[in-house]
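The lines below spell out each chain.
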Amino acid sequence: MKKHQIEVLVVGAGGAGLMAALYASKTAKTAVISKLYPTRSHTGAAQGGVGAALGNIEEDHPDWHTFDTVKGSDYLGDQDAIEFMCQEAVPAVYELEHYGLPFSRTPDGKIDQRPFGGHTNNVTGKPVRRACYAADRTGHMILQTLYQQCLKNKVQFFDEFQMLDLIVVNNAAAGVVALELATSEIHVFHAKAVIFATGGHGRIWEITSNAYAYTGDGPAVALRRGLPLEDMEFFQFHPTGIYKLGILITEGVRGEGGVLINDKGERFMEKYAPRVKDLASRDVVSRAMLTEMKEGRGIKGQRYLYLDVRPEVVNRYAALDGRRKPDGSAYNVTAEEILSKLPDIVDFCRVYLGVDPVSEPMPVQPTAHYTMGGIPTNKYGQVVIDASNTVMPGFYAAGEVACVSVHGANRLGTNSLLDLIVFGKHAGLHAAQFAKGADFQPLPNDAADFTLQQLDALRSGSGSEKVADLSKEMKAVMFDGVGIFRTGDGMADALEKVRILRQRFKNVRVSDSGKVFNTEMLNAWELGNLLDLAEVVAACALNRTESRGAHAREDYPKRDDANWMKHTLSWRQGDGSVQLGYKSVVQTRFQPKERTY
Ligand SMILES: Cc1cc2nc3c(=O)[nH]c(=O)nc-3n(C[C@H](O)[C@H](O)[C@H](O)COP(=O)(O)OP(=O)(O)OC[C@H]3O[C@@H](n4cnc5c(N)ncnc54)[C@H](O)[C@@H]3O)c2cc1C
């Protein structure tokens, strides 16, 4: 077993982890451990853009961004944190530009911007161009840019190290236990401050846009250490995943004028969101799609619809909508322009579907996409552990793993990349400042014992169950029972089934006893995390008897502000059961209103 001592330890090398490391490393000795090589993190898959009210193309204001985000969150987001994020967005994007991020440009050299769902001109209610983008590779560019800056700043990287436990001493974070993938050696990282930036847990669901690594390691470890999670019932389904595969087709396609079409050839979003149509928020569009399919208007009666971005279709609907180019001229998009703005999407469709989007429509269905809930934090990334927001010293979380909460019940597109750079930065700054003023907690001799016990259990199960089977069953159960539309019976049934799967998981045995990249062992450990989180998601969802944002119940179709304008907190008890509690929503300027688009 190896030991390391570091002032600020960041777990995760996606956008949030790298931003945190960059800022922490300005004043503290900082290291990053990551189970993936940093530039393979899921941030690199983000396509569409990062939201900031730069107003480069048309009038826009951070205040409008704030209101849109509060409304998008279905009033569950904390308004102080949302305001902070939207104000900080503008300097944060310019900062990325100054680090060398190659944004797409307007003809006069400014950062170009495109419309995205739920981002509006607050006076007219029409879509506003707020998403700053680098073709359809925005996340890739953010990741590369930040990684280069971290290397320049001498951040120490432990690549392909998987964190398996958080060390807690005197109710404070004191480091983590990790396994080196290449050798299976256990490492103990003793730290003054630990920042979790481990991303989401979208691999719980069958059809998903999320990377294989999205197994919720961070929140599962936090739960095991007695910490609560927040708002776990809220999980976003993105409207446009490639049919059956779930691979994401960015909302940027609709931002560039693409439209959703049903089997009758109708542009059905006109019915559901008359003002912004295909650019309504994601929960609204996903539900509309499911309704179309349920009512028999899926393409050829199947569970998919078309996303059409052929130039003639884009131009026709732009004319019908009265949409004009920024210079006031008529929309006249060409195939070349679509190719230059969405090159990766065009490539994905050609490779995975054999469909060329500039000459054929793309078959799409909603796909599990984004974790709104997570480890509760304040706007400085400090982890808070109860309804009164008591801070846990030395422990921070940022990015998709965290719940600040700026996304509430439904995240707006482009607001996650923004969340990473704003809250990653503040977590890094605060952690470094904390580390400067704090001593190391004493490191217990048995710091790695709990990890070793977990690994031993996986090596000594009865062997009657297989990881792949349990995983497949969990995904199907969660997609059917705790998906886009939910019912009390469906969720209760899913919860029961997940509980049985958790029991069956105890009989899994890892047969590979090798030390070199023992992925069988780690996949089994990750499935344990997903099952733990699936149970929490189902329990929180069943408990919330209303519909809000991404949580849409057929048996409680209305939002119920009188009883449910509150965050859910969930803990795992010693006996394994899930305990629930609540925390108030921070409201500043905006009173809840009915949400129409
Ligand atoms: C296909 C796709 C497209 C998207 N497009 C957009 C978009 O256009 N705009 C937008 O705003 N948002 C978008 N999102 C959402 C956004 O990209 C993600 O929410 C965000 O990138 C998550 O960043 P992160 O830093 O929190 O996590 P990640 O980038 O996923 O990084 C997580 C890191 O944690 C590490 N890690 C995890 N577990 C462990 C462990 N146990 N031990 C050690 N390391 C660990 C991983 O190695 C990785 O480095 C998209 C998401 C997807 C899936």
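Everything numeric here is computed off the predicted structure, so don't read it as measured data.

J.: How should I be thinking about the domain arrangement of the chain in this particular structure?
T.: How large an interface is tends to be reported as the accessible area lost when its parts come together. Each assigned domain of the chain is listed here: domain 1 (243-365) and domain 2 (449-558). Averaged C-alpha coordinates put domain 1 and domain 2 at centres separated by 33 Å. Opposite the 6 residues of domain 1 that make contact, domain 2 presents 6 residues. Area buried by domain 1 at its contact with domain 2 is led by Arg 287, Leu 290 and Lys 294, which between them contribute 68% of it. Across the contact surface, domain 1 and domain 2 share 1 salt bridge. Residues Glu 554 and Lys 294 are paired through a salt bridge, measuring 3.0 Å at the closest nitrogen-oxygen approach. The class makeup of the residues in the side of domain 1 that touches domain 2 is 1 nonpolar, 2 polar and 3 charged.

J.: Please clarify how the sheet that holds strand S22 (residues 578-584) should be interpreted in this entry.
T.: Backbone-to-backbone hydrogen bonds join strands into a sheet, with any given pair of strands oriented parallel or antiparallel. The strand order across the open sheet formed by 3 strands is S10-S21-S22, and the pairing between neighbours is antiparallel. Each edge of the sheet is formed by a strand with only one pairing partner; in this case those strands are strand S10 (229-230) and S22. Where S10 meets strand S21 (residues 566-572), 2 bridges bridge the pair, whose relative direction is antiparallel. Across the sheet, the residue bridging to Leu 229 is Ser 570, located in S21.

J.: I keep staring at the site of the ligand and nothing clicks. Help me out?
T.: Taken together, 39 residues lie around the ligand, and Ser 41, His 42, Thr 43, Tyr 214 and Glu 400 are the ones closest in. The contact in question runs from a nitrogen atom of the ligand to an N or O atom on the backbone of Gln 47, over 3.4 Å. Note that a nitrogen atom of the ligand is positioned 2.9 Å from one of the backbone N or O atoms of Gly 49. Coverage of the ligand by the protein chains reaches 98% of its 1000 Å² of free accessible surface. If you list the elements that add at least two residues to the shell around the ligand, you get helix H1 (15-24), strand S2 (30-34), strand S7 (161-169), strand S14 (362-371) and helix H12 (415-437). Here the shell around the ligand gets 4 residues from one element, more than from any other, and that element is H12.

J.: What's the story with the pattern of salt bridges in this structure? I'm lost.
T.: Using the criterion set out here, one finds 48 salt bridges in the structure. Across the pair Lys 2 and Glu 185 runs a salt bridge, and its minimum N-O distance is 3.7 Å. With Lys 2 in strand S1 (residues 2-11) and Glu 185 in the loop between strand S8 (172-180) and strand S9 (186-196), this pair connects stretches of sequence that are 183 residues apart. When its relative accessible area of 41% is taken as the criterion, Lys 2 is described as partly exposed. Where Glu 546 meets Arg 544, a salt bridge forms, and the shortest distance between an N and an O atom there is 2.7 Å. For the residue pair Glu 546 and Arg 544, the accessibility class agrees, reading buried in each case. Residues joined in a network through salt bridges with shared partners are Asp 74, Glu 233, Asp 283, Arg 287, Arg 544, Glu 546, Arg 548, Arg 559, Asp 561 and Arg 595.

Basis of the calculations
- Residues numbered from 1 in each chain as written.
- Predicted model: local features only at pLDDT ≥ 70, side-chain atom pairs only at ≥ 80, totals over all residues.
- Heavy atoms only, no water.
- Domains from an automatic or database assignment.
- Contact = heavy atoms within 4.5 Å.
- Buried area = accessible area lost by both parts, 1.4 Å probe.
- Salt bridge = Lys/Arg side-chain N within 4 Å of Asp/Glu carboxyl O.
- Nonpolar A, V, L, I, M, F, W, Y, C, P; charged D, E, K, R; others polar.
- Pairing = 2+ DSSP bridges.
- Helix = DSSP H or I, 4+ residues; strand = E, 2+ residues; numbered from the N terminus.
- Near = heavy atom within 4 Å.
- Polar contact = N/O pair within 3.5 Å; in protein donor to acceptor, adjacent residues only side chain to side chain.
- Areas by Shrake-Rupley, 256 points an atom, 1.4 Å probe, with all protein chains shown as cover.
- Buried < 20%, exposed > 50% of the residue type's maximum accessible area, 1.4 Å probe, protein only.

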